[in-house]
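# Structure assessment
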Amino acid sequence: MTTDDRHGPRGAGDPRGSGDDERPLDEARELREVAARLRAVLDDEAGTVTPSNRLSAVLAAAHEVPAAAARQRRRWAPAAAAAAALVVVAGGVALASRPGAPPVSADGTVTATPAAPLTLPSTPAEPSTTTGLPTSIPTRTAPPAVVPTTASHTTSTSTRVVQVPAPPATTASAPSTTTSTSPPPSPTTPAAPTTDAPPSTSPDLPVYVAGPVVDGSSRLVLFRTWAPTDLPRGDVARRVQAALGLALGAPAKGTPWVSLSPGTTVESATVADSGITVTLAAPLDGGSDAATALAVQQLVFTAQAAAGKPSPVTLDVADGSTDVAPGVAAGSTLQRPDATTAATLLSAVWVDQPSGGETVSAGKPLEVTGTASTYEATVVWQVLRGTTVVEKGSATADAAAPRRGSFTFTTAAPLPAGSYTVRVLAESAADGSVVAEQRVPVVVR
């Protein structure tokens, strides 16, 4: 028989059973009594609180010394501790009374059943891309840097990148006796027309002549000029022979042109569907390999321009020489060079009208036309009387380098009678130096 200090002896006939079975019930009653006392304490404390508009008091209390706040917190400490104890004890009772709860021992302690290992939920799988739901917080990135290179547009789904075109390469060079450059043409676009359309009025015979790239330079390039002729356009072979004779002949007085092969003459020229054949009286001799090579190109450009078509040109020599020029055998068939090479042979600016030495009427503005292959299609011009600039300006061609475009400009005021020089030039994009020019003497009367 077990002795219970609170309820007296219990025997086997006691309907409540043994003391070991009744201890949990006695403790539950005690817990209920503790809970009742706690509720009474909490009710008493709650009764001391009078609801009111406490905003001002709260704001004032926020600025009181910390000790006052501590005292206020201590006032509620006993009640808070009692409430916490109640929660713990009640939780234990609830746990003991749950179905499947762990067994309670004879001394009132709970024998815990080992808990199953804690398993965290696995990371949910990313939703399908078809749902449109983001799988992560998007991050903001700066747009990619753009380095302008070429004229192109690159578009992506997130960023549209526009690559700003780089300006055509133009090598700056001051006038010198050895070097000068003009804007390089595109390999796919001829630097010069394959057929040379005559100006709207006479003269109408195209002739390629040699002259300095800039005034005072010893470097020679080719300029297309127009000469007057009485030959009808249908007489193509004679027009070709006449144009070649002017190209190789002595330059007109007062012009900057240079004869590349003095004394060489043209024996004949024939034009057929298969090409153009030019027979020289003797081989070309320019005094240097560079001048002689330029003379060969001068003949090819002039023959095709006068014939009005880019037919292949065969060069031959009447005196039986094996070579027309160093490295060019007699009977060789030639074409105009590619655009890159042509850019080194042709001036960047050509004046079509007025022609050199032409006489124009006084009392009206002077109109000048021509073609150019310049940076941003810009052409600078001056009208000089002697060394004095009487008028100047700029014009824009209808195409920029590497292509050739046409330009036109007119002086603002009529020119008085006298002798003038029209100067048209191309300037370097880098430093404004003159990289090409043409000077045309004009008589105003």
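Identification of the chain as Negative regulator of sigma E activity from Terracoccus luteus is taken from an unreviewed UniProt entry.

## Some points on the overall build of the chain
Within the chain one finds 7 helices and 18 strands. Within the span of the chain, comprising 445 residues, buried residues form 34% of the whole.

## Looking at the packing of aromatic side chains
Applying the stated rule across the entire model yields 5 aromatic pairs. Here Tyr208 and Trp350 contribute two aromatic rings whose centre-to-centre distance is 5.8 Å and whose plane-to-plane angle is 85 degrees, an arrangement assigned as edge-to-face. One end of the pair, Tyr208, is in strand 3 (residues 205–212); the other, Trp350, is in strand 11 (residues 349–353), with 142 residues separating them in the sequence. Residue Tyr208 is classed as buried on the basis of its relative accessible area of 0%. Measuring from centroid to centroid gives 6.3 Å for Phe407 and Phe409, while their planes differ by 5 degrees, and the two rings are stacked. Just as Phe407 is buried, Phe409 falls in that class too. Through a chain of ring-to-ring contacts, the aromatic side chains of Tyr208, Phe301 and Trp350 assemble into a single cluster. For Arg404, the ring lying beneath its charged end belongs to Trp350, and the centroid distance is 3.8 Å.

## Side note on the sheet that holds strand 5 (residues 266–272)
One open sheet holds the 4 strands; their spatial order is 5-6-7-10, and the pairing between them is mixed. Sheet topology places strand 5 and strand 10 (332–334) at the edges, where each strand pairs with a single neighbour. Between one strand and the next, the sheet's axes are offset by a mean angle of 20 degrees, whatever the strand orientation. Direction of pairing for strand 6 (residues 275–280) relative to strand 7 (residues 313–317): parallel, over a ladder of 5 bridges. When the bridges of strand 7 are listed, Thr279 appears paired with Asp316. On top of the sheet, helix 5 (residues 236–248) reaches strand 5 and strand 6; it is set at about 140 degrees to strand 5, its chief contact.

## Focus on the layout of surface pockets
Taken as a whole, the largest pocket encloses approximately 460 Å³ of empty space. Surrounding the largest pocket, 25 residues form its lining, Thr225, Trp226, Ala227, Ala252 and Trp257 being those nearest its centre. Going through the elements one at a time, strand 3, strand 4 (220–227), helix 5, strand 11 and strand 18 (434–444) are the ones with two or more residues in the lining of the largest pocket. Here the lining of the largest pocket spans two domains, and each of domain 1 (205–345) and domain 2 (349–444) adds at least three residues to it.

## Some thoughts on the sheet that holds strand 11
Spatially, 3 strands are ordered 11-13-16 in an open sheet, and the strand pairing comes out antiparallel. The open sheet has two edge strands with one neighbour each: strand 11 and strand 16 (405–410). Strand-to-strand, the axes of this sheet are offset by a mean angle of 30 degrees, without reference to chain direction. For strand 11 and strand 13 (residues 367–372), the ladder comprises 4 bridges, and the chain directions are antiparallel. Across the sheet, Val349 pairs through a bridge with Ala372, a residue of strand 13.

How each quantity is defined
- Along each chain, numbering runs from 1 in the same order as the chain's sequence is written.
- Local features in this predicted model are restricted to residues of pLDDT 70 or higher, and side-chain atom pairs are both shown and tallied only at a pLDDT of 80 or more, whereas totals for entire chains, interfaces and linings draw on every residue.
- Computation of side-chain values covers all heavy atoms of the structure but excludes hydrogens and water.
- Helix numbers and strand numbers start at the N terminus; a helix is a DSSP run of H or I with at least 4 residues, a strand a run of E with at least 2.
- Residue exposure (1.4 Å probe, protein chains only): buried if accessible area is under 20% of the type maximum, exposed if over 50%, otherwise partly exposed.
- Note on ring pairs: Phe, Tyr and Trp rings are taken, using the six-membered ring of Trp, and paired if centres are within 6.5 Å. Classes follow the plane angle, with under 30 degrees stacked, over 60 edge-to-face and the rest tilted.
- For a Lys NZ or an Arg CZ to count as sitting over a ring, it must be within 6 Å of the ring centre and within 35 degrees of the ring normal.
- When DSSP finds two or more bridges between two strands, those strands count as paired.
- Working convention: axes come from line fits to C-alpha atoms, limited for helices to the stretch in contact. Angles between N-to-C directions cover 0 to 180 degrees.
- The contact rule is simple, with two residues in contact once any of their heavy atoms fall within 4.5 Å.
- Think of a 1 Å grid over just the protein atoms. A cavity is a set of points where a 1.4 Å probe fits yet cannot get out, a pocket is an open set with protein on both sides within 12 Å along at least five of seven lines, and lining residues have an atom within 4 Å of a point.
- Grid points are joined across faces, edges and corners, and a volume is the space filled by probe spheres set on the points.
- For every domain, the bounds stem from an assignment made automatically or drawn from a database.

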